[in-house]
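Given next are the chains, with one letter for each unit.
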Amino acid sequence: MFDTVKENLARIQEEIAPYKPNIIAVTKYFGLDAIIAAYQAGLRNFGESRAIEAIEKINQLPEEIRNNSNFHFIGHLQTNKVRKVVENFDYIHSIDSLKLAEVVSNVALESGKVQNVLLQLNNANETQKFGFSKEDLYENFLQICSLKGLKIIGLMNMAPLGASIELLEKLFRDVVETRDELEKKYNCEIPEISMGMSQDYVIAARCGATMLRIGRKLFS
């Protein structure tokens, strides 16, 4: 597994050069051996989308890996899983409503932490996907910023499967432009852009992603 991950990582880094976004190794379909191999290859950011299974894996990892890694929750977050996710993840990429933001903030404060979060932007307006529309994001942004248990560090986007290169570029650049507009309008810093997965990470990197969520292309 280590040789596979090392070779794939080198290929990915070559494909996205000269850009240097953080690569989040998405391990939701892979076991402990995949996380360990990715760690040995130099990666320190790991993404999971199923809370219970992910926490079981995290708890079984060697202490060195747990202590020196960042764990990112990247899937849809149900309110009944918030406490477990807040207690076990460094970042939540999928804040998709004001209600969820409020719940996460309250749980984080009860847990004695400020939770790093990214706001999920559904700028393709796909009805089957979660996330803020651009209008809802602007409407709710100040209220979310006021939540003391949250630190908004970025925007997250999931592009439509099978989209053309032209559409992907349009959507990805729109995410970056939306971030820039929010920073200017509200005098804040939103440093991270989480977009791009195994099928479109090269385009995402070129369009300004600072975090790529890659699973299959890294481990297969």
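Now for a description of the structure that goes with this document. These numbers were taken from a predicted model, which means no experiment stands behind them.

Axes are the key here: two packed helices are described by the angle between their axes and the distance separating the axes. For the pair helix 6 (residues 98–110) and helix 7 (residues 134–145), the least separation of the axes is 10 Å and the interaxial angle reads 10 degrees. As the angle between them shows, helix 6 and helix 7 are arranged roughly parallel. Across from Leu 98, Ala 101 and Glu 102 in helix 6, the residues of helix 7 making contact are Asn 140, Gln 143 and Ile 144. In terms of residue class, the contact of helix 6 with helix 7 is made up of three nonpolar, two polar and one charged.

Before going further, it helps to spend a moment on helix 7. A rise of 1.5 Å per residue sets the reference length of helix 7, with its 12 residues, at 16 Å; its end C-alpha atoms lie 16 Å apart and thus fit the reference within 8%. When we look at burial in helix 7, the residues that qualify are Leu 137, Asn 140, Phe 141 and Ile 144. One face of helix 7 carries all of its buried residues, which in axial projection span an arc of 150 degrees. Exposed side chains of helix 7 directed beyond 90 degrees from the buried face belong to Glu 135, Glu 139 and Leu 142.

Now for the environment of Leu 32. Inspection of the secondary structure puts Leu 32 in helix 2 (residues 32–40). Relative accessible area serves as the criterion here: at 25%, Leu 32 is assigned to the partly exposed category. Spatially, the C-alpha atom of Leu 32 lies 6.9 Å from that of Leu 61, the residues being 29 residues apart in sequence.

Moving on to unusual backbone geometry. In this structure, Pro 18 follows Ala 17 across a cis peptide bond, with omega equal to 10 degrees. Mapped onto the elements of the fold, Pro 18 is located in the loop between helix 1 (2–16) and strand 1 (22–26). You will see that Asn 187, though not glycine, has its phi angle at about 50 degrees, which is positive. Counting through the fold element by element, Asn 187 comes out in the loop between helix 8 (165–186) and strand 7 (192–194).

In this section: the pairing of strand 2 (residues 45–48). Side chains Asn 45 and Gly 47 project from strand 2 onto one buried face, and the interleaved Phe 46 and Glu 48 project onto a second face that is buried too. Judged from the two bridges that link them, strand 1 and strand 2 form a sheet pairing that is parallel. Opposite Ala 25, over in strand 2, you have Phe 46 as the bridge partner. Following the chain from strand 1 across helix 2 to the adjacent parallel strand 2, one finds a crossover that is right-handed. Bridge analysis of strand 2 against strand 3 (residues 70–73) gives four bridges, and the strand direction is parallel. Looking across to strand 3, one finds that Asn 45 is bridged to Asn 70.

What follows concerns the nonpolar core. Counting residues in hydrophobic clusters, the biggest one holds 65 residues, and the most contacted among them are Ile 92, Val 104, Leu 119, Met 195 and Leu 218. Examining the composition of this core, we find that six residues originate from one element, helix 6, more than from any other. The residues contacting Ile 92, other than those within four sequence positions of it, are Phe 73, Leu 77, Val 85, Val 86, Val 104, Gln 115, Asn 116, Val 117 and Leu 118.

Calculation notes
- Residues numbered from 1 in each chain as written.
- Predicted model: local features only at pLDDT ≥ 70, side-chain atom pairs only at ≥ 80, totals over all residues.
- Heavy atoms only, no water.
- Axes fitted to C-alpha atoms, helices over the stretch in contact; angles between N-to-C directions.
- Helix = DSSP H or I, 4+ residues; strand = E, 2+ residues; numbered from the N terminus.
- Parallel < 35°, antiparallel > 145°, perpendicular 65-115°, else oblique.
- Contact = heavy atoms within 4.5 Å.
- Nonpolar A, V, L, I, M, F, W, Y, C, P; charged D, E, K, R; others polar.
- Expected span 1.5 Å × (residues − 1).
- Buried < 20%, exposed > 50% of the residue type's maximum accessible area, 1.4 Å probe, protein only.
- Arc of directions from axis to C-beta.
- Pairing = 2+ DSSP bridges.
- Right-handed = clockwise from strand over helix to strand, strands pointing away.
- Core = buried A, V, L, I, M, F, W, Y, C linked by side-chain atoms within 4.5 Å.

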